[in-house]
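Observations on the three-dimensional arrangement
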Amino acid sequence: MKTLSKQYESAKERANEFMRNGQISQYFDALLEMNRYKKLMVAVIAN
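The notes below deal with the structure included here. Here, residues in each chain are numbered from 1, in the same order as that chain's written sequence. With pLDDT at 70 or above as the cut-off, local features in this predicted model cover only qualifying residues; side-chain atom pairs require 80 or more to be listed or tallied, and sums for whole chains, interfaces and linings still use all residues. The side-chain quantities take in all heavy atoms of the structure and omit both hydrogens and water.

Judged by side-chain polarity, Met1, Val44 and Ile45 come together as a nonpolar surface patch covering roughly 300 Å² of accessible area. Following the sequence through the fold, methionine 1 ends up in the segment before helix H1 (2-21). Here methionine 1 falls in the partly exposed class, since its relative accessible area comes to 48%. Within the patch definition used here, like charges are joined within 9 Å and nonpolar side chains (Val, Leu, Ile, Met, Phe, Trp, Tyr) within 5 Å, considering only residues with over 30% relative accessible area and no salt bridge. Here the accessible surface of atoms and residues is derived via Shrake-Rupley with a 1.4 Å probe, and residues count as covered only by protein chains that are part of the display. The salt bridge definition used is simple: a Lys or Arg side-chain nitrogen within 4 Å of an Asp or Glu carboxyl oxygen. Helical segments are the DSSP runs of H or I of at least four residues, strand segments are the runs of E of at least two, and each set is numbered from the N terminus. The cut-offs for exposure are 20% and 50% of the maximum accessible area for each residue type, with area from a 1.4 Å probe on protein chains only; residues under the lower value are buried, those over the upper are exposed, and the others partly exposed.

Here you go:
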């Protein structure tokens, strides 16, 4: 769980940096990665 939350936070920081730099496609990729980690965290908590 700790690993997933660290990966989620890393993706979140990258997404924010991409947004500040105006790199839209990389921003959306980072958001998708965040969504994937969030789903995995929810699945781990549910089980």
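Turning next to the packing of aromatic side chains. Ring pairs shown here join Phe, Tyr and Trp side chains whose ring centres sit within 6.5 Å, with only the six-membered ring taken for Trp; geometry is labelled stacked below 30 degrees between planes, edge-to-face above 60, and tilted in between. Scanning all chains against the criterion turns up 1 aromatic pair. Here the aromatic rings of tyrosine 27 and phenylalanine 28 are separated by 5.6 Å at their centres, their planes lie at 45 degrees, and the arrangement is tilted. The criterion for a charge sitting over a ring is simple: Lys NZ or Arg CZ within 6 Å of the ring centre, and within 35 degrees of the ring normal. Seen from the ring of tyrosine 37, arginine 36 lies directly overhead, with NZ or CZ sitting 5.3 Å from the centre.

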